Amino acid sequence: MEAVLVRISSGNQLGETVYWVEIRENGTETKSEERSYRVLPGTGGPWPTGKGRLGEPELERLEKADGVCKAVLHGLSILSFGSNTRIGLIRKLRQRGHSADAAECAVGFLVKQGYIRECEDIERKIELYAQSGKSRAEIVGKLRQDGYGEDALAAARGAIQSIDFGRVCAAAWKKRCHRGIPEDDELRKSVQALLRRGFTKDEVVRGLKYYGEEIVGES
């Protein structure tokens with residue numbers, strides 16, 4: 001088999017360069033197949049500059065670059081349905097058949113282009129988790145599970161510090177008690193359950209106070 005570069009054109013999706021290559025059987029001029037390889041801007045080369053026969057290393061570089069470009073396009077499709085973390089998007093691309101190298105390079109490209117903004121997205125996640133009544137420990141655990149990296153988690157710690165987890169715990173009390181104040185054994189069980197979830201004793205006490213005030217205000 002021999003590979004011959006027959007033309008070079010510009011792509012219209014990501015500003016990529018498209019290399020059109022004919023794959024021929026050895027010793028013949030008969031065209032057996034034409035393939036296109038897309039190379040993203042800024043991707044390391046060296047890349048062919050004109051028509052002619054391609055060596056095996058050149059063809060391998062084009063194949064690898066094309067794999068990255070396909071992963072980027074697939075990644076953009078996934079991101080169109082909602083934000084993803086770097087780790088989370090790599091995982092999804094791997095699950096969809098992209099190689100580890102292609103997935104990592106593709107996500108690196110998307111991060112540089114601003115399609116993935118972990119430090120911004122994580123603040124919205126914190127707000128949603130707090131509104132659902134999760135403790136500080138539960139929020140951090142969920143963020144790690146979501147795949148946020150250490151830089152985003154460091155930023156998250158600052159945002160978490162500004163949250164009144166007494167108020168958050170009040171929402172947890174409301175979900176647990178269904179508009180009533182527990183007493184005796186039921187109260188002790190509720191307190192222990194909230195402590196196990198990661199709320200501090202102070203947050204549990206303040207949460208019950210806020211929850212009780214809410215009930216009185218609505219009665």
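Keep in mind that what you see is a predicted model, and the values were worked out from it rather than measured. Sequence order as written defines residue numbering, which begins from 1 separately in each chain. The predicted nature of this model means local features are confined to residues of pLDDT at least 70 and side-chain atom pairs, given and counted, to a pLDDT of 80 or more, with totals for whole chains, interfaces and linings taken over all residues. For the side-chain quantities, the full set of heavy atoms in the structure was used; hydrogens and water were omitted.

Before going further, it helps to spend a moment on the environment of lysine 189. Secondary structure elements follow DSSP: runs of H or I no shorter than four residues count as helices, runs of E no shorter than two count as strands, and numbering proceeds from the N terminus. Examined against the element boundaries, lysine 189 turns out to sit in helix H8 (residues 184–196). Among the residues examined, lysine 189 registers a relative accessible area of 52% and is labelled exposed. Distance from lysine 189 to proline 41, taken between C-alpha atoms, is 60 Å for residues 148 residues apart in sequence. Exposure categories follow from relative accessible area, calculated using a 1.4 Å probe and restricted to protein chains: below 20% of the type maximum is buried, above 50% is exposed, and the middle band is partly exposed.

Right, let's get into the pattern of salt bridges. Put simply, a salt bridge is a Lys or Arg side-chain nitrogen that is within 4 Å of an Asp or Glu carboxyl oxygen. In the structure shown here, the tally under the stated rule is 16 salt bridges. Of the charged contacts, one joins glutamate 22 and arginine 24 as a salt bridge, the two residues approaching to 2.9 Å between their closest N and O atoms. Taken individually, glutamate 22 and arginine 24 each receive the classification buried, so the pair is uniform in this respect. Between aspartate 66 and lysine 70 there is a salt bridge, with the nearest N and O atoms lying 3.1 Å from each other. Separated by four residues within a single helix, aspartate 66 and lysine 70 lie in helix H1 (residues 56–79), roughly one turn from each other. Judged by its relative accessible area of 5%, aspartate 66 falls in the buried class.

We now examine the side chain of glutamate 203. Mapped onto the elements of the fold, glutamate 203 is located in helix H9 (residues 201–218). For the purposes of these results, a polar contact is taken to be a pair of N or O atoms within 3.5 Å, where, inside protein, one atom must be able to donate a hydrogen and its partner to accept one; residues adjacent in sequence count only when each atom of the pair is a side-chain atom. Side-chain polar atoms of glutamate 203 contact the backbone nitrogen of threonine 200, separated by 2.9 Å. Excluding residues within four positions of it along the chain, glutamate 203 makes contact with Arg136, Phe165, Gly166, Cys169 and Gly198. Contacts between residues were defined by any pair of non-hydrogen atoms, one from each residue, lying within 4.5 Å.

It is worth spelling out the pairing of strand E1 (residues 2–10) at this point. Think of it this way: DSSP has to see at least two bridges between two strands before they count as a pair. In terms of strand pairing, E1 meets strand E2 (residues 17–24) through eight bridges, oriented antiparallel. Along E2, the bridge assignment pairs arginine 7 with tryptophan 20. Where E1 folds back on E2, the antiparallel hairpin that results is connected by six residues, among which glycine 15 adopts a positive phi of roughly 70°. Relative to strand E4 (residues 52–54), E1 is paired through three bridges, and the arrangement is antiparallel. Considered in E4, the bridge of leucine 5 is made with glycine 52.

This part is about the nonpolar core. The criterion is simple. A nonpolar core is a set of buried Ala, Val, Leu, Ile, Met, Phe, Trp, Tyr and Cys residues joined through side-chain atoms within 4.5 Å. Core analysis: the largest hydrophobic core is formed by 25 residues, its most contacted members being Ile122, Ile126, Ile139, Leu143, Trp173, Leu194 and Phe199. Elements with a contribution of two residues or more to this core: helix H4 (118–131), helix H5 (136–146), helix H6 (150–161), helix H7 (165–177) and H9. Ranked by residues supplied to this core, first place goes to H7 with seven residues. The residues contacting phenylalanine 199, other than those within four sequence positions of it, are Gly133, Lys134, Ser135, Phe165, Val168, Cys169, Ala172, Leu194 and Val204.

What follows deals with the packing of H4 against H5. Where helices are involved, their axes are fitted lines through C-alpha atoms of the stretch in contact, as for all axes, and angles between N-to-C directions lie from 0 to 180°. H5 packs onto H4 with a crossing angle of 135° between their chain directions and a minimal axis gap of 10 Å. It follows that H4 is oblique to H5 by the angle criterion. For the element pair H4 and H5, the recorded crossing hand is right-handed. Contact residues: Ile122, Lys125, Ile126, Tyr129 and Ala130 in H4; Ile139, Lys142, Leu143 and Asp146 in H5. Taken together, the residues of the contact of H4 with H5 sort by class into six nonpolar, no polar and three charged. Roughly parallel refers to an angle under 35 degrees, roughly antiparallel to one over 145, roughly perpendicular to one between 65 and 115, and oblique to any angle outside these ranges. Handedness of a helix crossing follows the sense of rotation of the near helix relative to the far helix, less than a right angle counterclockwise being left-handed and clockwise being right-handed. Amino acids are sorted into nonpolar (Ala, Val, Leu, Ile, Met, Phe, Trp, Tyr, Cys and Pro), charged (Asp, Glu, Lys and Arg) and polar (every other residue, Gly among them).

Time to look at the side chain of histidine 98. Structurally, histidine 98 can be placed in the loop between helix H2 (86–95) and helix H3 (100–112). Apart from residues lying up to four places away in sequence, histidine 98 is in contact with Gly67, Lys70, Ala71, His74 and Leu93.

The next point concerns H2. Since the α-helix turns once every 3.6 residues, residues separated by three or four places project in the same direction. Inspection of H2 places Gly88, Leu89, Ile90 and Leu93 among the buried residues, and these make up the whole buried set. Where H2 is buried, its residues touch H1 and H3. Of the residues trailing H2, glycine 97 is marked for its positive phi of about 100°.

Put simply, two rings from Phe, Tyr or Trp (the six-membered ring, in Trp's case) pair if the centres are within 6.5 Å, and we call them stacked under 30 degrees between planes, edge-to-face over 60, tilted for the rest. Going through the model one piece at a time under the given rule, you end up with one aromatic pair. Relative to tryptophan 47, the ring of tyrosine 19 lies with its centre 6.5 Å away and its plane at 35°, an arrangement referred to as tilted. Of this pair, tyrosine 19 sits in strand E2 while tryptophan 47 is found in the loop between strand E3 (31–39) and E4, placing the two residues 28 residues apart along the sequence. Overall, the relative accessible area of 6% leaves tyrosine 19 in the buried class. Distance and angle both matter: a charge sits over a ring if NZ of Lys or CZ of Arg is within 6 Å of the ring centre and within 35 degrees of the ring normal. For the cation-ring pair, arginine 7 lies above tryptophan 20, with the distance from its terminal atom to the ring centre recorded as 4.3 Å. Taking NZ or CZ as reference, arginine 167 lies 3.6 Å from the ring centre of tyrosine 210, over its face.

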